[in-house]
Amino acid sequence: MDKNVLNGLFRPKSIAVIGASTQPGKIGYTVVENLIKSKYEGKIYPINPTASEILGLKVYPTISDVPDSVEAAVVTVPAKFVAQVAEESGKKGVKGFIVITSGFSESGRRDMEDEIVQIGKRYGMRILGPNIVGTLSNADKMNASFAPFLPLPGKASLVSQSGALLIAMDASTYTRRVGFDKLVSIGNMSDVNFADAIEWLNEDPSTSCISLYIEGFKDGRQFIEVSRKATKPIIALKSGVSAHGAAAAASHTGSLAGAAKVYGAAFQQAGVVQASDLDNLFDRTLALSLQPPMTGENILIITNGGGVGVLATDAAERYNIPLKFAPAEVQEELKKHMPEFGSAKNPVDITGMAGTEWYHDTIKYAFAHPWVDALVVLYCETAMTDPSEIARGIKSAVDESGVKDKPVSVSFVGGDKSDKAMKWLVENGIPAYGAPDVAVNVMAALRDYARMRAEAAEPIEPCASENRQLALDIINRARTDGRDALTEVEAKEVFAAYGLPVTKTHLAKTEAEAIQLANQVGYPVVMKIVSPDILHKSDAGGVKVNIKDDKAAGEAFSTIMENARKYKADANIHGIAIQEMAPWGTEVILGSVNDPTFGPTMMFGLGGIFVEVLKDVTFRVAPVTSTQAAQMLSEIRGAPIIAGVRGEAPRDRKELANTICRYSNMILDLSDEISESDANPVLVYEEGKGVKVVDARIILKKK
Ligand code: COA
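Residues numbered from 1 in each chain as written. Predicted model: local features only at pLDDT ≥ 70, side-chain atom pairs only at ≥ 80, totals over all residues. Heavy atoms only, no water.

**What to know about the pattern of salt bridges**
Okay, so step 1: All told, the structure shown has 36 salt bridges when counted by the stated rule.
Okay, so step 2: With a shortest N-O distance of 3.0 Å, aspartate 448 and arginine 447 are connected by a salt bridge.
Okay, so step 3: According to the relative accessible area criterion, aspartate 448 is partly exposed, its value standing at 23%.
Okay, so step 4: For arginine 447, a relative accessible area of 6% translates into the label buried.
Okay, so step 5: The residue lysine 702 makes a salt bridge to aspartate 484 at a minimum N-O spacing of 2.8 Å. Of the two residues, lysine 702 is situated in the segment after β29 (696–700) and aspartate 484 in the loop between α17 (468–480) and α18 (488–497); the sequence distance between them amounts to 218 residues.
Okay, so step 6: According to the relative accessible area criterion, lysine 702 is exposed, its value standing at 70%.
Okay, so step 7: For aspartate 484, a relative accessible area of 31% gives the class partly exposed.
Okay, so step 8: Several salt bridges share partner residues, and in doing so they unite Glu488, Lys492, Lys528, Lys537 and Asp695 into one network. (Salt bridge = Lys/Arg side-chain N within 4 Å of Asp/Glu carboxyl O. Buried < 20%, exposed > 50% of the residue type's maximum accessible area, 1.4 Å probe, protein only. Helix = DSSP H or I, 4+ residues; strand = E, 2+ residues; numbered from the N terminus.)

Rendered as structure tokens:
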């Protein structure tokens, strides 16, 4: 990406407002007024065919009439004129074309949007929008939008897909006291998308944290790639996570791949912290923009009240933060700064008698101690203490500790005085909140961020298989047959081509062949009908298990054939699969979907009832690294079953994780071919004894 071109959108030195109006109340008037009111120091050129002056500025009939060069154009003319002014702007050498106008792809006119993108490409002009509010920057004193004013100054920058929400958030930066440098309305993303904005903001010296409000996008893989490389924290609120492409699913995995799970997985792989709602987006943005990430596990909570301490402890459990007691020598030292009835455990309760000095001394000591990775400081307003004094004590203790690489968050519970004290803390770089829960929640964000950063740095493993052609031959044969689903035998052959441990399975067309293959596989065997017209094999009487000898194999062959014909007289029967009978193990399911946003995506969960009823599954966008595969095993609710419960030996997690990695490589390598797939069940044996894919299903992409 040419950064200078995007500078034309986000930090232009001159702006033409095309469609500037003389009439107050019109968007074309407001944008000119906002640029002036925000004290924009660059040149402003209002463009209007009939007016001569707007708000004291000389007006030009077209952008071509402007005597100097122009870096950005903010467009507020009706949609039908946008292509024409894009052409003129391109010719003029405009770098950033900011289209406020609505009436494009969001209302069925993608053609009009494509036309301006084409014009932009021809002239090397980048397009923001259309259908946006504009863009705002405190660093450049630039309100190039119809949002009322620049946001409360701060170090975060927000990119929002919703314009209305951006305007609302702009105003609430003041009431919530969360400061932003830039607000970027990204709208229809006809050209500049989230990935472009993230890449640019990551280099922007006035931005320390990138906040995103996302409704949905197409460029999922580009988003992951760019976010993984970003060196600043990124936090995302994704809305619209209810129904997502799962409706027409042909596999188990397809029906379970909701947007919440797939986006959640992608954010994790991209190193992007998630926000649960708008409040949480603001709260977490504040902490991520002011504090360093939390490396390590040990949070120490310091409080003057038992109640808020318990609330924080509950929150720690909710956000999966283990609260350990500090080592004895730390507790002894802390005890020196509290009365006899205080507690040096965790939370450290310096009691309601605590004044500024006790806060100061405990914080200064604890923050500098190597055992402590992060501090949460809580305060309940008391009659004997002044919240502002306490706030100053906290700040000076943090400064005097000399620690710069650990985070601290604060919660003051009280009235106006506490509120004022928290305002002061935030202005001095310490995130402070009215609820202890939130002070802990933001710490979880700082910890997750540090963890995800480390994982995002992990190299991605190679994915091609030397047996790719073999898999393609099987797939092409099915396509030639006019099928878009592989049979179990075919699906297993494709799996095997990518090193997945499938049960030995062969296709028998005659009784004699069945007996011969059963001997080859080795008794006992399982026999199953293979027919693209019989999906529910057991219901059709098409499965026989534990067949122990030639006689039973012969009988099973005829019975299954008979049952199948009874079930569906005109079924196209390929034959009967003779399959190794795998010893029983823990049932899990692996599967994949080709997600509309992120492409090939893996699912893992416990099989049987767990997947049917509890939907206890987890996702990752392919390719899945070994660390990610191990995480998948531990993040489902049923994880203890894999780890070994009630005296049961642990399952072979290593081989299961390897299988997930190989499976993910397969779906990536065959992403043009495979639409959905399941390996269900996969049996997992004791440690060292491996796994076996017992049944397999592959649905092909329609071509
Ligand atoms: N070059 C320069 N100026 C032009 C022009 C051209 N080719 N064609 C028209 N204009 C001028 C008009 O003369 C008018 O100025 P005037 O008021 O002084 O006469 C001005 O541009 C605006 O045109 P107008 O026809 O009055 O449109 P409008 O102001 O009613 O609406 C938009 C224009 C862009 C605001 C409207 O079409 C729109 O898209 N609104 C929705 C915006 C929005 O909500 N965005 C997304 C937020 S999430």
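**Examining the pairing of strand β23 (residues 575–580)**
Remark: a regular strand shows side chains that alternate across the two faces of the sheet.
Okay, so step 1: Most of β23 sits inside the fold, with six of its six residues counted as buried.
Okay, so step 2: Where strand β20 (residues 505–508) lies against β23, four bridges are found, and the strand directions are antiparallel. When the sheet's bridge partners are listed, leucine 507 is paired in β23 with alanine 577.
Okay, so step 3: Summarising the sheet, strand β21 (residues 525–530) and β23 pair through six bridges and their orientation is antiparallel. Residue pairing for β23: valine 526 is matched across the bridge by glutamine 579. (Pairing = 2+ DSSP bridges.)

**Details of helix α6 (residues 194–203)**
Okay, so step 1: For α6, the tally of buried residues reaches eight of ten residues, placing the bulk of the element in the interior.
Okay, so step 2: All buried positions along α6 are accounted for by Phe194, Ala195, Asp196, Ala197, Ile198, Trp200, Leu201 and Asn202.

**Here we look at the site of the ligand**
Okay, so step 1: Surrounding the ligand, one finds 23 residues, the nearest of these being Ser21, Lys26, Asn48, Ile100 and Ser102.
Okay, so step 2: Serine 21 places a side-chain nitrogen or oxygen 2.7 Å from an oxygen atom of the ligand.
Okay, so step 3: At 2.4 Å, a side-chain N or O of lysine 26 approaches an oxygen atom of the ligand.
Okay, so step 4: For the ligand, whose unbound accessible area comes to 970 Å², protein coverage reaches 72%.
Okay, so step 5: Considering only residue class, the shell around the ligand consists of twelve nonpolar, ten polar and one charged. (Near = heavy atom within 4 Å. Polar contact = N/O pair within 3.5 Å; in protein donor to acceptor, adjacent residues only side chain to side chain. Areas by Shrake-Rupley, 256 points an atom, 1.4 Å probe, with all protein chains shown as cover. Nonpolar A, V, L, I, M, F, W, Y, C, P; charged D, E, K, R; others polar.)

**Things to note about unusual backbone geometry**
Okay, so step 1: With an omega dihedral of 0 degrees, the bond running from glycine 129 to proline 130 counts as a cis peptide bond.
Okay, so step 2: Locating proline 130 in the fold gives a position in the loop between β7 (126–128) and β8 (134–137).
Okay, so step 3: The omega torsion across tyrosine 523 and proline 524 is -5 degrees, close enough to zero to call that bond cis.
Okay, so step 4: With respect to the helices, strands and loops of the structure, proline 524 is situated in the loop between α19 (511–521) and β21.
Okay, so step 5: A positive phi angle, near 50 degrees, is found at leucine 55, a position not held by glycine.
Okay, so step 6: Assignment of secondary structure puts leucine 55 in the loop between β3 (53–54) and β4 (57–58).
Okay, so step 7: You will see that asparagine 320, though not glycine, has its phi angle at about 65 degrees, which is positive.
Okay, so step 8: Mapped onto the fold, asparagine 320 is located in the loop between α11 (306–318) and α12 (328–335).

**Section: empty space enclosed by the protein**
Okay, so step 1: Across all of its chains, the model carries one cavity of 30 Å³ or more by this definition.
Okay, so step 2: The calculated volume of the largest cavity comes to roughly 30 Å³.
Okay, so step 3: Together, Gln268, Gln269, Glu455, Ala456, Arg620, Gln628 and Gln631 line the largest cavity.
Okay, so step 4: At the level of elements, α9 (259–270), α16 (436–456) and α22 (626–635) are the ones that each hand at least two residues to the lining of the largest cavity.
Okay, so step 5: Taken together, the residues that form the lining of the largest cavity break down as one nonpolar, four polar and two charged. (1 Å grid on protein atoms, 1.4 Å probe; cavity = no way out; pocket = protein on both sides within 12 Å on 5 of 7 lines; lining within 4 Å. Points joined across faces, edges and corners; volume = space filled by probe spheres on them.)

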